[in-house]
Amino acid sequence: MTTRLAVRAMALATTVLIGGACARPQAQANLEPHRPEPVAPLMMPVASVPVPTLPELLRHTVDSVVAAPMWRNARLGILVVDPESGDTLASHDADRLFMPASNQKLLTGAIATTLLGPDFRWRTPVLLHGVQRGTTFHGNVYLQGSGDPSISDALRGGRAASAFDDAIAALRTRGIRRIAGRILPAGDAMPGLSTGYGWAWDDFDAAYSAAIDELMFNEGELYVTAKAGRKPGAPVAVQTAPTLRYPQVRVEATTRDSVALPNAPRQARLQVAYDSIGHALVVSGTLALGDSARVTVAYRHPNDAFVAAFTESLEAEHVVVLGRRLTKRDTSGRAMDTLSVIMSPSFADVLTRMEKPSQNQMAELFFRTVAREVTGSGSADSAQAVGARTLASWGVTTADAAYRDGSGLSRHDYVTPRAIVKVLDAMHRSPHAALYRESLPIAGVDGTIRNRMRGTPAAGNVRAKTGTLDKARSLSGYVTTANGRVVLFSMMMNNFTVPNRDVERVQDLIASMIAGGELRPGPTP
């Protein structure tokens, strides 16, 4: 980096990060007389200006950030490390605990990649218990879940229910056209609460906070489409997908005149929420004439949603489910018969879907699956214990990280920037380094940072995980310098009152500065 560029970068960083506090007012500058630059004699020696190194620029930038008045009530944790030399390039409060938000997924993804491996697949056996007489199966069909996160529109070609196609084909092959009994979940692969420790109860209707269990359909997401009636006062028409008849929907919304209601009370607008026991979805409020709306909400009861989706798929293929209670004659003494097994894509394919869009339910299923595979129990307590042991093997102690859930939704998750960097370093040296790194969002390209750092050296370069909760914003990952050195970084900001965008500007500037700079070989001065 030339002297001129280095000085310009330092000045720009200072001005941007402290809001231009050191800049001179334009009016004052215009009042001062113009003074020509002095001309040095031809033979006068000119003193050389030392070129700031990348670590010096980073340290100056970090110092400017933490000293800015806009951050006086905030907590900022920053650590930038060269893994080749082990040198720290910049640091501030790197050993203090911060709420990571979805940076927690860096820990979950690393633990799952290490303990499950890229070729791991989830299995969901479809079991028959009963006897076939003619075209009728007198028995129940059981779905034995293992926490497969892949039965979703996103990973099944836009149709989550395509996962059931092989089972339906196997029924046809056996000549079964009616099932006298019921479709039921089997086993309890993930015992305990279906939500994470410390999740906000008032978020449970939101898709990002959907419950998880051993049977998971469409990442816990239900799409509700509402369409206004033909005249004011008419009921609003409502459809759901991908399940058409589950959950029960109660429509209380009506059509209003198309005149805009900019100051209308909240009760007048369309609202979609579950009733007090979480079984019926209530659509209330109003929708303007000729208007429509699409709302995404959570399935409150994952196993029930999966069973409903499977049942609807059978009926769509003209396999009738009678739902009768069976007699002992049909099931007594009969062993379970495996009809088919629903197989997930490989873990390597599923990992990218979790990290890039920051999918919370997948992260929670990774969290529980690792526990089930290692200990035989998919409980949250087992998951925390396995996670803590794995982190300890990377030098991250319980003083460095409180690993409470897989996604970071819990406000009881805490981790230091140094712990994040230790995990990034462990995966950088792992046999699965490429898989882990490539699963992360790419700046200016995809995932949760697709619209960030465009037009900077960081675009197409930085691979990092974001994290967002109220008063918490994180960015941690990998960046390659202009001369090809990989650098690890973690930036976690908590308790700020400025807009999120101001926090992102700081993170983006630091990441872009690393990407545009050069890191000299050998130890950092």
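Refer to the structure printed above.
Throughout, residues of each chain are indexed from 1 in the direction in which the sequence is written. Given that this is a predicted model, residues contribute local features only at a pLDDT of at least 70 and side-chain atom pairs are listed and counted only at 80 or more, while totals for whole chains, interfaces and linings are drawn from all residues. Where side-chain values are given, they derive from all heavy atoms of the structure, hydrogens and water being excluded.

> Please clarify how the pattern of salt bridges should be interpreted in this entry.
For side chains bearing opposite charge, pairing can occur when the charged atoms are close. By definition, a salt bridge exists where a carboxyl oxygen of Asp or Glu is found within 4 Å of a side-chain nitrogen of Lys or Arg. Taken as a whole, this structure holds 22 salt bridges when the rule is applied. Close ionic contact of Arg485 with Glu84 constitutes a salt bridge, the shortest N to O distance being 3.1 Å. Here Arg485 is found in the loop between β20 (472–480) and β21 (486–494), whereas its partner Glu84 is found in the loop between β1 (75–82) and β2 (87–92), with 401 residues between them in sequence. Burial classification: accessible surface area is computed with a 1.4 Å probe over protein chains only, and a residue below 20% of its type maximum counts as buried, one above 50% as exposed, and the rest as partly exposed. Residue classification places Arg485 among the buried positions, given a relative accessible area of 9%. Assessed through its relative accessible area of 62%, Glu84 is described here as exposed. Helix and strand definitions here come from DSSP, where helices need a minimum of 4 consecutive H or I residues and strands a minimum of 2 consecutive E residues; each element is numbered from the N-terminal end.

> Is there a simple way to explain the pairing of strand β4 (residues 136–144) in this structure?
Two faces make up the sheet, and in a regular strand the side chains alternate between them. Counting buried residues along β4, eight of its nine residues qualify, which places the element largely inside the surrounding structure. Where strand β3 (residues 123–133) lies against β4, eight bridges are found, and the strand directions are antiparallel. Looking across to β4, one finds that Gln132 is bridged to Phe137. By the convention used here, strands pair only if DSSP detects at least 2 bridges between them. What sits between the antiparallel neighbours β3 and β4 is a turn of two residues, in which Gly134 has the positive phi angle 65°. Looking down the strands as they point away from you, a crossover is right-handed if its path from the first strand over the helix to the second goes clockwise. Read from β4 through helix α5 (residues 165–173) to strand β5 (residues 178–179), the crossover connection turns out right-handed.

> What's the story with the packing of aromatic side chains in this structure? I'm lost.
Given two aromatic rings, one states the distance between the centres and the angle between the planes to describe the pair. Any two of the Phe, Tyr and Trp rings considered here, Trp counted by its six-membered ring, make a pair once their centres fall within 6.5 Å; the pair's planes then place it as stacked at under 30 degrees, edge-to-face at over 60, or tilted in between. For the structure on display, the rule yields 10 aromatic pairs. The interplanar angle of 15° and the centroid separation of 6.1 Å between the aromatic rings of Phe164 and Phe217 together place this pair among those described as stacked. In this pair, Phe164 is assigned in the loop between β4 and α5 and Phe217 in the loop between β6 (183–186) and β7 (221–227), connecting sequence segments 53 residues apart. Of the residues examined, Phe164 reaches a relative accessible area of 0% and is grouped as buried. Taking relative accessible area as the criterion, Phe217 reaches 2% and is therefore assigned buried. Through a chain of ring-to-ring contacts, three or more aromatic side chains come together here, namely Phe120, Trp122, Phe347 and Phe366.

> What exactly am I supposed to notice about empty space enclosed by the protein here?
Any space left empty among the atoms is revealed by the rolling of a water-sized probe across them. The pocket and cavity definitions rest on a 1 Å grid over protein atoms only: a 1.4 Å probe that fits but cannot leave marks a cavity, an open set with protein on both sides within 12 Å along at least five of seven lines marks a pocket, and residues lining either have an atom within 4 Å of a point. Grid points are joined across faces, edges and corners, and a volume is the space filled by probe spheres set on the points. Counted by the stated rule, this structure contains one cavity of 30 Å³ or more. Volume-wise, the largest cavity comes out at about 30 Å³. Every residue lining the largest cavity is listed: Thr108, Ile111, Ala112, Phe366, Phe367, Val370, Ala383, Gly387 and Tyr403. Every element with two or more residues in the lining of the largest cavity is listed here: α4 (104–116), α9 (360–375) and α10 (380–393). Lys, Arg, Asp and Glu make up the charged group, whereas Ala, Val, Leu, Ile, Met, Phe, Trp, Tyr, Cys and Pro make up the nonpolar group; the residues left over, Gly among them, are polar. Looking at the lining of the largest cavity residue by residue, the class counts come to seven nonpolar, two polar and no charged.

> Sorry, what's going on with the sheet that holds strand β14 (residues 292–298) here?
Hydrogen bonds along the backbone pair up the strands of a sheet, which may run parallel or antiparallel. One open sheet accounts for three strands, arranged β8-β7-β14; its pairing is antiparallel. Strands with a single pairing partner mark the edges of an open sheet, and in this sheet they are β8 (237–241) and β14. Sheet twist, expressed as the mean angle between neighbouring strand axes with direction ignored, is 20°. Taken together, the five bridges between β7 and β8 define a ladder with antiparallel strand orientation. Residue pairing across strands places Thr225 opposite Gln239, the latter belonging to β8. Under this scheme, a helix contributes an axis fitted over its contacting stretch, all axes are lines through C-alpha atoms, and angles between N-to-C directions fall in the 0 to 180 degree range.

> Quick question: what am I supposed to make of the nonpolar core here?
Proteins that are soluble and globular tend to have nonpolar side chains buried together. We call a set of buried Ala, Val, Leu, Ile, Met, Phe, Trp, Tyr and Cys residues a nonpolar core when their side-chain atoms join them within 4.5 Å. Residues Phe347, Phe366, Leu391, Trp394, Val423, Tyr436 and Tyr478 are the most contacted members of the largest nonpolar core, which totals 45 residues. Those elements that provide at least two residues to this core are β1, α4, α8 (347–355), α9, α10, α11 (417–428), α12 (433–438) and β21. If one sorts the elements of this core by residue count, α11 sits on top with seven residues. Residue contacts are defined here by distance: any two heavy atoms, one from each residue, within 4.5 Å place the two residues in contact. Once residues within four sequence positions are removed from consideration, Phe366 is found in contact with Thr108, Ala112, Trp122, Pro149, Phe347, Val350, Leu351 and Met354. Ranked by size, the runner-up nonpolar core spans 44 residues in total, among them Tyr246, Tyr274, Ala305 and Phe306.

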